[in-house]
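Residues per chain, in single letters:
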Amino acid sequence: MRVWILFVLCLAASARAAPAEEEAFVEELVTEEPVVEEPEVGANPVQIEVGEFDEAIEIVEDDAVENACLNHHCKKGKVCEVDESNTPMCVCQDPTTCPPAEAEFEHVCGTDNKTYDSSCHFFATKCAEGTKKGHKLHLDYVGPCKFIEPCVDSELHEFPLRMRDWLKNVLVTLYERDLDHNLLTEKQKLRVKKIYENEKRLQAGDHSLDLLAHDFKKNYNMYIFPVHWQFGQLDQHPADGYLTHSELSPLRAPLIPMEHCTTRFFEECDADSDNYIALEEWAACFGVKEQDIDKELVI
Ligand SMILES: *[C@@H]1O[C@H](CO)[C@@H](O)[C@H](O)[C@H]1NC(C)=O
Ligand SMILES: [Ca+2]
Ligand SMILES: [Ca+2]
């Protein structure tokens, strides 16, 4: 549980810091070199063509190349290159140009159940595959691929019990720490204040599933906002009321190795199987009643 909480603290902080990143995934979790701006030595055709003695020209062209790509942002898996007329464009990154992974935790597992050295290697491969076959390769989870136990029905029902309790605790923790960090907006703070100050609130701890189920019935109202809040945290690329696979990734990918029901839970959450999780589907998965689903709470 503790790991979960730390993890979402990071998530919340980074979501507020960089709300407009294109690929929603782990940029924050797997630290990566900013690969975009600096072309590899030797990979730049201009440098190769320039003769030994044309040093002055080389410098001028080099500057121009750098500048053209400087403010040209490419999404994950792509790098900026310039064509003959010095126009910057994003092309698939060669996976061999990715920095080598230094530890196993940098590995990621794709939905093809193949282990990739790092998310850089993964996204570079995904980019290349996309143009070849158009098949949908996604990042599945953080860490090397491993055997994940099938999730049985009884376990599946436990997942939302823990997750709801955890979301509520995460918000209360954010609220407590907010003085220094500005982790919540004013609107969010008003909502969490009510939960925080409620004396009947179940304090954070390792609770039995029976107690969690009982508390959900008794203090149902306290869980409505946390469920909406998490949806809003994820629904940002774009914020359209639907979660795509990559929007869900920041939550899902680190969770799968710890909670083997994660995949099945989110699959079944997409009740109409259109590959998007709508707010209504999300809320229903977490036991929020239809009449309590409120777009205004996604703040
Ligand atoms: C995925 O790969 C891991 C490790 O190579 C293996 O143990 C596991 O059974 C595979 N899972 C599936 C669904 O094939
Ligand atoms: Ca969205
Ligand atoms: Ca759906």
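Provided above is the structure to which this section pertains.
Residues numbered from 1 in each chain as written. Chains lettered and ligands numbered in written order. Predicted model: local features only at pLDDT ≥ 70, side-chain atom pairs only at ≥ 80, totals over all residues. Heavy atoms only, no water.

Enquirer: In this structure, what is going on with the overall build of the protein? I would like to understand it.
Expert: For the protein, the helix and strand inventory stands at 11 helices and 7 strands. Sequence separation of at least 24 residues holds for 63% of the intrachain contacts in the protein that already meet a minimum separation of 6. Working note: accessible area of the protein is about 16,700 Å², and carbon and sulfur atoms make up 52% of it. (Helix = DSSP H or I, 4+ residues; strand = E, 2+ residues; numbered from the N terminus. Contact = heavy atoms within 4.5 Å. Areas by Shrake-Rupley, 256 points an atom, 1.4 Å probe, with all protein chains shown as cover.)

Enquirer: Would you mind showing me how to read the coordination of the calcium ion (ligand 2) here?
Expert: Six octahedral donors around a metal ideally sit at 90 or 180 degrees from one another, while four tetrahedral donors ideally sit at 109.5 degrees. Coordination of the calcium ion (ligand 2) by the protein is provided by Asp235 (OD), Pro238 (O), Asp240 (OD), Tyr242 (O), Glu247 (OE) and Glu247 (OE), with metal-donor distances spanning 2.3 to 2.5 Å. Angles of 53 to 161° at the metal separate the 6 donor atoms of the calcium ion (ligand 2), which places the site in the irregular class. Each donor residue of the calcium ion (ligand 2) lies on the same chain, and together they follow the pattern D-x2-P-x1-D-x1-Y-x4-E. Residue Tyr242 is classed as partly exposed on the basis of its relative accessible area, which comes to 39%. (Donors = N, O, S within 2.8 Å, 3.2 Å for Na, K, Ca; no water. Tetrahedral: all angles 85-135°; square planar, octahedral: opposite > 155°, others 65-115°. Buried < 20%, exposed > 50% of the residue type's maximum accessible area, 1.4 Å probe, protein only.)

Enquirer: Just to check I follow, could you spell out the coordination of the calcium ion (ligand 3) for this structure?
Expert: At this site the calcium ion (ligand 3) is bound by Asp270 (OD), Asp272 (OD), Asp274 (OD), Tyr276 (O), Glu281 (OE) and Glu281 (OE), with donor distances of 2.2 to 2.5 Å. The sequence pattern formed by the donor residues of the calcium ion (ligand 3) is D-x1-D-x1-D-x1-Y-x4-E. On the accessibility criterion, Asp270 (9% relative accessible area) is buried. In this structure Tyr276 comes out as partly exposed when scored by relative accessible area, which is 37%.

Enquirer: Explain the sheet that holds strand S4 (residues 115-116) to me, please; I cannot follow it from the model alone.
Expert: Strand pairing within a sheet occurs via backbone hydrogen bonds; the two strands may be parallel or antiparallel. Taken in spatial order, the 3 strands of this open sheet run S4-S3-S5, and their pairing is antiparallel. For this open sheet the edge positions go to S4 and strand S5 (139-142), each flanked by a neighbour on one side alone. Inspection of the sheet shows strand S3 (residues 108-110) paired to S5 by 3 bridges, in the antiparallel sense. For Val108, the partnering residue across the bridge sits in S5 and is Val142. (Pairing = 2+ DSSP bridges.)

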